[in-house]
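If you want the building blocks of each chain, they are given just below.
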Amino acid sequence: MYLLCSSFAETSAGGARNQAHKTKRNVQELEAFSIRCAGESVCLYRLRGAQVNGPRCLFSAAPRKAKRMLFTPAVAASSMQRIQRATSRRASFENDADAFRARRGAVIFDDLRAIQLRHGFLPKAELEGLSQRTQTPLYQIHSVASFYPHFHLVPPPKAEIRVCADMSCHLNGACELRADLESRFANSRTEDVQIRDVSCLGRCDHAPAISVNDHIFTDVTSGHAEQLARSAIRGDDMNEPHPEQARIVCKADPYGDGEKYGVVRKLIQSLAWDDVLAQLKSAELKGMGGAGFPTSMKWDLVRKQPDPVKYVVCNADESEPGTIKDRFIMTNLPHLLIEGMIIAGLVTGAKRGILYIRHEYHLQEEILGEEIRRCYRAGLLGRKILGSDLDYDLEVFVSPGGYICGEESALIEAIEGHRAEPRNKPPFPGQVGLWQKPTVINNVETFINVPQILARGVEWFVEQGASGSRGLKFVGVSGHVARPGIFEVPMGVPMRDVILNHAGGVRGGRQLKAFAPSGPSSGYLPASMIDVRLDFKALAEAGSMLGSGAIVVCDETTCMLDMALNAVRFYRNESCGKCVPCRVGSQKMAEMLARWTQGGILESQYRSDLALLDELSRAMSLTSICGLGQIVPAPIQSVLKHFRAEVDAHVLQSKCPSGICFTAAARRGEAQRVGIRP
């Protein structure tokens, strides 16, 4: 996505310079409009292939002479003619000057990506030049560039190997893989190769996963990883594998092989906005990203706001370890996601939607971009949708990286071009959201449920659930299972059915020891609770949560204290650092658990640690700004509740019942890790 920013910027230079600035801004706006109509993010539009320094890239590091030639009077006149022809198509945006000014910082991401693509990192001189060109303070640019793990401020090694360190990959040998790679490259120079841990790469169903120079590879062995690294050192081209496969038919799709977007077509004719909200309320559709807030209530709140400018945002950033369902949905049901966002815009009065996707989902970005372009060609997006007086534009925003971006207000800050630090609440996004305007923010799965309900009826939606629950649920199952993957199941089915039947049970004939119903934020439940239902209320009563439906399975060989430490380290590493309870508390908790895994602690000290952990957990839960800090204690609290004897054995007897924590590999310590840098 290329966010419009400079149409209303003020200049104080002389007439000639003023005209040059205006011309450049007009060309920027024209290109931005083209990208929006193409349905592409700027990563696809400007940075793909040779376009970086090619004719379509207007702001690359081209020679000065070429740049001067770009803005000659003849080119300026031609550009102005094109702008005038496009004026009528973007008139709906021009009543929002304040919002346009506020978007100024968002362009920083596009320029930073372009600079890094050219140089491999962000040279100081380039950042200074960017500051001058965009009239953005250098400290602001550096603040953004230094925050996100996607950007490098110093030249990276020829081969930067990042081994996914979280939950599913951890259960599938990531530590051993990293240790083996460190041995294989023990004599290599740091400028040639660097091996680090990285937070979840979103490939939990194909663990272990690694990233080599930002290209992701799955199901890797040490030998395969070494070949990839040596290829990178030689400077060979690297291609991330995307095997061809047919779209998977899902029960959730009301259209099958027929014409898509039927709900939007009928809605444009009927304009029955109240009926849409009534059906969503009757269906009791809740937010499927984890919070479970009623969708109809959120949409109605935004609809009733008097501000004429509103936005719809889809949170497709899923970065929680084990969470992979949205990736599947965007691959196989992109039309339902886009239709759900269009319906949200029409009902709430928003004229613009932004689909925020994590930067590791390259294939899904392309799939969505193509689907959006198809919608523009069919008249389903843009000005006067299907010949009506209704307008709605939709674009893709590629995340600059970081788990914290999944928090709705941090996501908003990222779109606006800032550090992804959560906002204090209230006000909530429904009233003061993106660019201080009322904003609907929903998860991918929430949006695809809307056209299902409206196309098939509330009764159909209710009947799809089990045991009194409603609708279908996409879940990702990973860890120690025979068939890891994404499954479409009725909401309310027992976990037993999902783990043993759909995912094939625990692999290797081993016994189930524990499972996380929704990644680290849900904590761990013992095997004895496998009959708990996949439902908001049932899991809450079990002391856990439905969350995003990321089921991670642990077999009998798993050390649960080790898994708690792994989860707390993830949160520690992904804390944005804005608030003290989260920033300091997560570090203290990780240090405490690491000390427990090493054993040799006196019983009196252990009791003192438990009291401190209790106090720390309460403080973090009550005082952290956002859900990340509030949920950090969940993994260790659940382990102490259900597996206390195992923790006692570590601390008091220096014994790991699973034989994991006191091995030579475990004592190597934590590798340098890639994540948010507060």
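Shown above is the structure to which this text applies.
Residues numbered from 1 in each chain as written. Predicted model: local features only at pLDDT ≥ 70, side-chain atom pairs only at ≥ 80, totals over all residues. Heavy atoms only, no water.

Q: Looking at this model, I keep getting lost on the overall build of the protein chain. Mind explaining?
A: Counting its secondary structure elements, the protein chain contains 28 helices and 14 strands. Of all 678 residues assigned to the protein chain, the portion counted as buried reaches 59%. Restricting the contact set of the protein chain to residue pairs at least 6 apart, pairs at least 24 apart contribute 73%. (Helix = DSSP H or I, 4+ residues; strand = E, 2+ residues; numbered from the N terminus. Buried < 20%, exposed > 50% of the residue type's maximum accessible area, 1.4 Å probe, protein only. Contact = heavy atoms within 4.5 Å.)

Q: Explanation requested: the nonpolar core in the structure shown.
A: In summary, soluble globular proteins display a tendency toward joint burial of nonpolar side chains. Ranked by size, the top nonpolar core spans 74 residues in total, and within it Leu112, Tyr148, Ile415, Tyr524, Trp596 and Ile636 carry the most contacts. Here Leu112 is in contact with Leu122, Leu127, Leu130, Ile141, Val144, Ala145 and Phe151, once residues within four sequence places are set aside. Counting 63 residues, the second largest nonpolar core, distinct from the first, contains Leu267, Val312, Phe328 and Ile357. (Core = buried A, V, L, I, M, F, W, Y, C linked by side-chain atoms within 4.5 Å.)

Q: Before we go on, may I ask you to explain the pattern of salt bridges in this structure?
A: Where charged atoms from two side chains of opposite charge come close, those side chains can pair. Across all of its chains, the model carries 43 salt bridges by this definition. With a closest N to O distance of 3.0 Å, Lys325 and Glu445 form a salt bridge. Of this pair, Lys325 sits in helix 15 (residues 325-332) while Glu445 sits in helix 19 (residues 444-456), and the two are 120 residues apart along the sequence. Glu445 carries the same exposure label as Lys325, and that label is buried. As a salt-bridge pair, Glu360 and Arg358 come within 2.8 Å of each other at their nearest N and O atoms. Across the pair, exposure class does not vary: Glu360 and Arg358 are buried alike. (Salt bridge = Lys/Arg side-chain N within 4 Å of Asp/Glu carboxyl O.)

Q: Would you mind showing me how to read the side chain of Thr597 here?
A: For Thr597, the position within the fold is in helix 24 (residues 580-598). A distance of 2.6 Å separates a polar side-chain atom of Thr597 from the backbone oxygen of Ala594. (Polar contact = N/O pair within 3.5 Å; in protein donor to acceptor, adjacent residues only side chain to side chain.)

Q: What's the story with the packing of aromatic side chains in this structure? I'm lost.
A: Any aromatic ring pair is given by two values, namely how distant the centres are and how the planes are angled relative to each other. Summed over the entire model, instances satisfying the criterion amount to 10 aromatic pairs. Geometrically, the ring pair formed by Tyr403 and Tyr571 is tilted, given 6.0 Å between the ring centres and 55 degrees between the ring planes. Separated by 168 residues along the polypeptide, Tyr403 in the loop between strand 7 (393-398) and helix 18 (408-415) and Tyr571 in helix 23 (residues 560-574) bring together distant segments of the chain. Note on Tyr403: relative accessible area 16%, which makes it buried. Members of the aromatic cluster, each reached through a chain of ring pairs, are Phe109, Phe147, Tyr148, Tyr356 and Phe397. (Phe/Tyr/Trp six-rings, centres within 6.5 Å; stacked < 30°, edge-to-face > 60°.)

Q: Honestly, the environment of Pro635 in this entry has me stumped. Any pointers?
A: Within the secondary structure, Pro635 sits in helix 27 (residues 634-642). Given a relative accessible area of 0%, Pro635 falls into the buried group. Sequence separation between Pro635 and Met560 is 75 residues; the distance between their C-alpha atoms is 9.3 Å. When sequence neighbours within four positions are dropped, the list of residues in contact with Pro635 reads Pro520, Gly523, Tyr524, Ala564, Ala567 and Tyr571.

Q: Just to check I follow, could you spell out the sheet that holds strand 12 (residues 525-526) for this structure?
A: For sheets, the rule is that strands pair by backbone hydrogen bonds, running either parallel or antiparallel. Read across the sheet, five strands follow the order 10-9-13-11-12 without closing on themselves; strand pairing throughout is mixed. Strand pairing shows two members of the sheet lacking a second neighbour, strand 10 (485-490) and strand 12, which therefore form its edges. Where strand 9 (residues 472-479) and strand 13 (residues 550-555) come together, four bridges link them in parallel fashion. Along strand 13, the bridge assignment pairs Val477 with Ile551. Contacting strand 9, strand 10, strand 11 (512-516) and strand 13, helix 21 (residues 495-502) crosses the sheet at an angle of about 70 degrees to strand 13. (Pairing = 2+ DSSP bridges. Axes fitted to C-alpha atoms, helices over the stretch in contact; angles between N-to-C directions.)

Q: I'm lost on the sheet that holds strand 5 (residues 311-316) in this one. Help?
A: An order of 7-6-5-8 is seen for the four strands of this open sheet, with the pairing classed as parallel. The open sheet has two edge strands, strand 7 and strand 8 (439-443), and neither has a second partner. Put simply, the sheet's adjacent strands are angled 20 degrees from each other on average, direction ignored. The sheet contact formed by strand 5 and strand 8 spans five bridges and is parallel. Looking at the pairing, Tyr311 lines up with Thr439 of strand 8. Here helix 18 sits on the sheet and contacts strand 5, strand 6 (352-357), strand 7 and strand 8; the angle it forms with strand 6, its principal contact strand, is near 105 degrees. Across the sheet, helix 19 lies against strand 5 and strand 8, angled at about 95 degrees from strand 8, the strand it touches most.

Q: Honestly, the side chain of Arg203 in this entry has me stumped. Any pointers?
A: Of note, Arg203 is situated in the loop between strand 2 (193-198) and strand 3 (209-212). Among the polar contacts made by the side chain of Arg203, one reaches the main-chain carbonyl oxygen of Leu201 at a distance of 3.0 Å. Side-chain polar atoms of Arg203 contact the backbone oxygen of Glu360, separated by 2.9 Å. Beyond its immediate chain neighbours, meaning those up to four positions away, Arg203 contacts Ala209, Ile216, Thr218, Glu240, Ile324, Arg327, Glu360 and Tyr361.

Q: Explain the packing of helix 25 (residues 603-623) against helix 28 (residues 644-653) to me, please; I cannot follow it from the model alone.
A: Helix-helix packing is described using two parameters, namely the angle between the two axes and the distance between the axes. At a closest axis distance of 10 Å, the pairing of helix 25 and helix 28 adopts a crossing angle of 130 degrees. By the angle between their directions, the pair helix 25 and helix 28 is classed as oblique. Taken as a pair, helix 25 and helix 28 cross one another with a handedness that is right-handed. Between helix 25 and helix 28, the residues in contact are Glu603, Tyr606 and Leu610 and Arg644, Val647, Asp648, Val651 and Leu652, respectively. Across the contact of helix 25 with helix 28, the residue classes tally to five nonpolar, no polar and three charged. (Parallel < 35°, antiparallel > 145°, perpendicular 65-115°, else oblique. Left-handed = near helix turned anticlockwise from the far one by under 90°. Nonpolar A, V, L, I, M, F, W, Y, C, P; charged D, E, K, R; others polar.)

Q: Just to check I follow, could you spell out unusual backbone geometry for this structure?
A: With an omega dihedral of -5 degrees, the bond running from Lys425 to Pro426 counts as a cis peptide bond. Considering the arrangement of structural elements, one finds Pro426 in the loop between helix 18 and strand 8. Of note, the phi angle at Tyr261 is positive, near 65 degrees, even though the residue is not glycine. Structurally, the position occupied by Tyr261 is in the loop between helix 11 (222-234) and helix 12 (262-270).

Q: Please clarify how the pairing of strand 4 (residues 215-218) should be interpreted in this entry.
A: Side-chain positions along a regular strand alternate between the two faces of the sheet. The pairing of strand 3 with strand 4 spans four bridges and is antiparallel. In the sheet register, Ser211 faces strand 4, and the bridge partner there is Ile216. Linkage of strand 3 to strand 4, two consecutive antiparallel strands, is achieved through a turn of two residues, within which Asn213 is found at a positive phi near 50 degrees.

Q: Help me out: how do you make sense of the pairing of strand 7 in this one?
A: Most of strand 7 is tucked away, with six of its six residues classed as buried. In this region the chain leaves strand 6, passes through helix 17 (residues 362-377) and returns to the parallel neighbour strand 7; the handedness of that crossover is right-handed. (Right-handed = clockwise from strand over helix to strand, strands pointing away.)

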